[in-house]
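Next come the chains, spelled out residue by residue.
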Amino acid sequence: KKKYNLSRLSQKRLLQRNILPLRSTLLLANLCGHLIGDGSLKLTNKNQGSIRFYGTEEKLNQIATDYAFLFEKKVSLTNRIRKNDKGVKIMFSDTNIARVLAHIGVPTGDKIISAFQVPLWIINGNKEIKRSFLQALCDDELGGLYKDKIKPNTWYGLRFKMSKNKEIMLEHIYFLEQLRALFNEFGIGTSKIKVLSNQSYSRKDGNISCPAYFKILNSKHNRLKFYQEISFKRDLKKKEQLIASLI
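Residues numbered from 1 in each chain as written. Predicted model: local features only at pLDDT ≥ 70, side-chain atom pairs only at ≥ 80, totals over all residues. Heavy atoms only, no water.

**Q** So what exactly am I meant to see when it comes to the side chain of Gln135 here?
**A** Inspection of the secondary structure assignment puts Gln135 in helix H6 (residues 127-141). Judged by relative accessible area, Gln135 falls into the buried class, the value being 15%. Here Ile230 takes part through its backbone oxygen, which lies 3.1 Å from a polar atom of the side chain of Gln135. Once residues lying within four places of it in the same chain are set aside, the contact partners of Gln135 are Asn30, Ile230, Ser231 and Lys233. (Helix = DSSP H or I, 4+ residues; strand = E, 2+ residues; numbered from the N terminus. Buried < 20%, exposed > 50% of the residue type's maximum accessible area, 1.4 Å probe, protein only. Polar contact = N/O pair within 3.5 Å; in protein donor to acceptor, adjacent residues only side chain to side chain. Contact = heavy atoms within 4.5 Å.)

Here you go:
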């Protein structure tokens, strides 16, 4: 009750859903990775919480299955309403789980204007926990491979890029360095981090953001190591590209 700032009723409901005590699992690490990637976690001033996931229908169906298994709550896909966007999303309210996820290190609100780190329980977790977390982030944020138009045997890609408010870029670089260290634990080489200051974007709220990225090193040996240790779990197109680059 004290740890998660839960009322007696909230605690009772989570116990009924068999959530507490919360344990470090592969599914939890993967869902947290997706929330840091393409998803979002929101807590309002009234402490009401909502959870969202974005992506392909195939990926979201798998995430919905995992969420239902982990948190005893069925969620469904809906169509996105934006113009020229025929994609789908998962969006639902689950205040008690949102509080718990925020407590274990999932960032809340607009991730572009907030600084965050890899959750400590991921950093201190075993290799399977780290692998599951990285797989989710790679599915969401790591660019796929593509062939050079002139040199058909030359491949490019595997770039991990995220944008951040310029005022907290140093904190963002620290987060990216944490990810590089995690990849290094699996023997996967990465490039140094580069900030693309020339690609700044001025938002309507006055914040100025720009992307920063690092790459999975492009040698065939390193791509093979990435395929063997992490690969892509839910993005089959990226996985097929990766396999094709190793033939």
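**Q** It is not clear to me how the layout of surface pockets should be interpreted in this structure. Could you clarify?
**A** Take a probe with the size of a water molecule and roll it over the atoms, and the empty space left behind shows itself. Considered as a void within the structure, the largest pocket measures approximately 550 Å³ in volume. Elements represented by at least two residues in the lining of the largest pocket include exactly strand S1 (40-43), strand S2 (49-55), strand S4 (88-93) and strand S7 (159-165). The greatest single-element share of the lining of the largest pocket, amounting to four residues, is contributed by S7. Here the residues of the lining of the largest pocket sort into six nonpolar, five polar and 11 charged. (1 Å grid on protein atoms, 1.4 Å probe; cavity = no way out; pocket = protein on both sides within 12 Å on 5 of 7 lines; lining within 4 Å. Points joined across faces, edges and corners; volume = space filled by probe spheres on them. Nonpolar A, V, L, I, M, F, W, Y, C, P; charged D, E, K, R; others polar.)

**Q** In this structure, what is going on with unusual backbone geometry? I would like to understand it.
**A** Peptide bonds are, in most cases, trans, and in most cases residues other than glycine have a negative phi. Leu20 connects to Pro21 through a cis peptide bond whose omega is -5°. If you trace the backbone, Pro21 turns up in the loop between helix H1 (8-16) and helix H2 (26-36). Of note, the phi angle at Asn18 is positive, near 65°, even though the residue is not glycine. If you trace the backbone, Asn18 turns up in the loop between H1 and H2. Here Ser231, not a glycine, exhibits a phi torsion of approximately 60°, which is positive. Among the secondary structure elements, Ser231 is positioned in the loop between helix H8 (220-229) and helix H9 (236-246). On the accessibility criterion, Ser231 (5% relative accessible area) is buried.

**Q** Can you walk me through the state of the cysteines in this structure?
**A** One covalent bond between the sulfur atoms of two cysteine residues makes up a disulfide. Scanning the model with the defined rule gives zero disulfides in all. Cys32 takes part in no disulfide bond, and the closest cysteine sulfur to it belongs to Cys138, at a distance of 16 Å. (Disulfide = S-S within 2.5 Å.)

**Q** Whenever I open this one, the sheet that holds strand S3 (residues 77-79) confuses me. Can you help?
**A** The pairing of strands in a sheet happens through backbone hydrogen bonds and is either parallel or antiparallel. Strand order in the open sheet formed by four strands is S1-S2-S4-S3, and the pairing between neighbours is antiparallel. Either end of the sheet is taken by a strand with one partner, and the two such strands are S1 and S3. Between one strand axis and the next, the sheet turns through 30° on average, direction left out of account. One ladder, built from six bridges, connects S2 with S4; its direction is antiparallel. Its bridge partner being in S4, Ser50 is matched across the sheet by Ser93. (Pairing = 2+ DSSP bridges. Axes fitted to C-alpha atoms, helices over the stretch in contact; angles between N-to-C directions.)

**Q** What exactly am I supposed to notice about a positive patch on the surface here?
**A** Residues Arg159, Lys161, Lys194 and Lys215 make up a contiguous surface patch of positive charge. Looking at the secondary structure, you find Lys194 in strand S8 (residues 194-195). (Patch = residues over 30% accessible without salt bridge, like charges linked within 9 Å, V, L, I, M, F, W, Y side chains within 5 Å. Areas by Shrake-Rupley, 256 points an atom, 1.4 Å probe, with all protein chains shown as cover. Salt bridge = Lys/Arg side-chain N within 4 Å of Asp/Glu carboxyl O. Lys, Arg positive; Asp, Glu negative; His and termini not counted. Charge placed at Lys NZ, Arg CZ, Asp CG, Glu CD.)

**Q** Can you help me understand the nonpolar core in this one?
**A** Grouped burial of nonpolar side chains is what soluble globular proteins tend to show. Of all hydrophobic cores here, the largest spans 61 residues; its most connected members are Phe53, Leu101, Leu179 and Phe226. For Phe226, the contacting residues outside a window of four places in its chain are Cys138, Leu142, Leu158, Phe183, Ile188, Ile216, Ser231, Phe232 and Leu242. (Core = buried A, V, L, I, M, F, W, Y, C linked by side-chain atoms within 4.5 Å.)

**Q** Where do I start with the packing of H6 against helix H7 (residues 169-185) in this structure?
**A** Relative orientation and spacing of two packed helices are given, respectively, by the angle between their axes and the distance between those axes. Two numbers describe how H6 lies on H7: the axes approach to 11 Å, and their chain directions differ by 125°. As the angle between them shows, H6 and H7 are arranged oblique. Two packed elements cross with a definite hand, and for H6 against H7 that hand is left-handed. Note on element contacts: H7 touches H6 through Leu179, Leu182, Phe183 and Glu185, opposite Lys127, Lys130, Phe133, Leu134, Leu137 and Cys138. Grouping the amino acids of the contact of H6 with H7 by side-chain chemistry returns seven nonpolar, no polar and three charged. (Parallel < 35°, antiparallel > 145°, perpendicular 65-115°, else oblique. Left-handed = near helix turned anticlockwise from the far one by under 90°.)

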